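Chain and residue survey
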Amino acid sequence: MVPIELIAPLQSGGAGDIVYVLFQLLVVAVQIAGMWLVFRKAGHAGWKAIVPIYNFYVMLKIGGNAWWWLVLLLVPILNIYALYRIHAGVARAFGRGIGFGLGLAFLGVLFFPLLGFGDYEYRQSDGLA
């Protein structure tokens, strides 16, 4: 027989769990809204931000990078650089620098809303890959 002390923590299901899930949904909604606005500012449909993989392809187009950077996301270790490169292109297209590109890549939940809701304007990318 299993002691009740071992079972009780597995059956919490309290209000704390609901608050935690609602907080996570809020964070995801804010990031999606930020990406949606970034895509709209760049002249793309906002819905493209919520389609997995395709949103990276659109970010490549926004940043003026070649499509094959998407393939490098499948290669271990190189995928970290490819992720940075994709987001750095987006940052560059909005007139931001390396630090903002790193923020988009690794702290997107903060930086996409900054870029989307902020007064940053899209500058046509130079098309360099």
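Residues numbered from 1 in each chain as written. Predicted model: local features only at pLDDT ≥ 70, side-chain atom pairs only at ≥ 80, totals over all residues. Heavy atoms only, no water.

Once that is clear, we can look at the environment of Y122. Of note, Y122 is situated in the segment after helix 6 (108-117). Taking the C-alpha atoms as reference points, Y122 and A91, separated by 31 residues in sequence, lie 9.4 Å from one another. Excluding residues that lie within four positions of it along the chain, Y122 makes contacts with K41, A42, I62, A93 and F94. (Helix = DSSP H or I, 4+ residues; strand = E, 2+ residues; numbered from the N terminus. Contact = heavy atoms within 4.5 Å.)

This part is about the packing of aromatic side chains. Inspection of the entire model under this criterion finds 8 aromatic pairs. With centroids separated by 6.3 Å and ring planes inclined at 20°, the aromatic side chains of W47 and Y54 adopt a geometry described as stacked. The exposure class assigned to W47 is partly exposed, which follows from its relative accessible area of 44%. Residue class for Y54 comes out partly exposed when judged on its relative accessible area of 30%. Aromatic side chains F100 and F111 sit 5.1 Å apart centroid to centroid with 85° between the ring planes, which places their arrangement in the edge-to-face category. Of this pair, F100 sits in helix 5 (residues 98-106) while F111 sits in helix 6, and the two are 11 residues apart along the sequence. Considered together, F100 and F111 belong to a single accessibility category, that of buried residues. Within the aromatic cluster, the residues linked to one another by ring pairs are W68, W69, Y81 and Y84. (Phe/Tyr/Trp six-rings, centres within 6.5 Å; stacked < 30°, edge-to-face > 60°. Buried < 20%, exposed > 50% of the residue type's maximum accessible area, 1.4 Å probe, protein only.)

As a packed pair, helix 2 (residues 15-41) and helix 6 sit with axes 7 Å apart at the nearest point and diverge in direction by 40°. As summarised for this structure, helix 2 and helix 6 are arranged oblique, according to the angle between their axes. Note on packing geometry: the crossing formed by helix 2 with helix 6 is left-handed. Residue-level inspection shows V27, V30, Q31, A33, G34, M35, L37, V38 and K41 of helix 2 in contact with helix 6, the latter providing G108, V109, F112, P113, L115, G116 and F117. Of the residues in the contact of helix 2 with helix 6, the class split is 11 nonpolar, 4 polar and 1 charged. (Axes fitted to C-alpha atoms, helices over the stretch in contact; angles between N-to-C directions. Parallel < 35°, antiparallel > 145°, perpendicular 65-115°, else oblique. Left-handed = near helix turned anticlockwise from the far one by under 90°. Nonpolar A, V, L, I, M, F, W, Y, C, P; charged D, E, K, R; others polar.)

Let us look at unusual backbone geometry. One non-glycine residue with positive phi stands out, namely I53, at about 70°. Secondary-structure assignment places I53 in the loop between helix 2 and helix 3 (54-63). Look at I77: it is not a glycine, yet its phi comes out positive at around 70°. Following the sequence through the fold, I77 ends up in the loop between helix 3 and helix 4 (78-93). The class of I77 is exposed, set by a relative accessible area of 69%.

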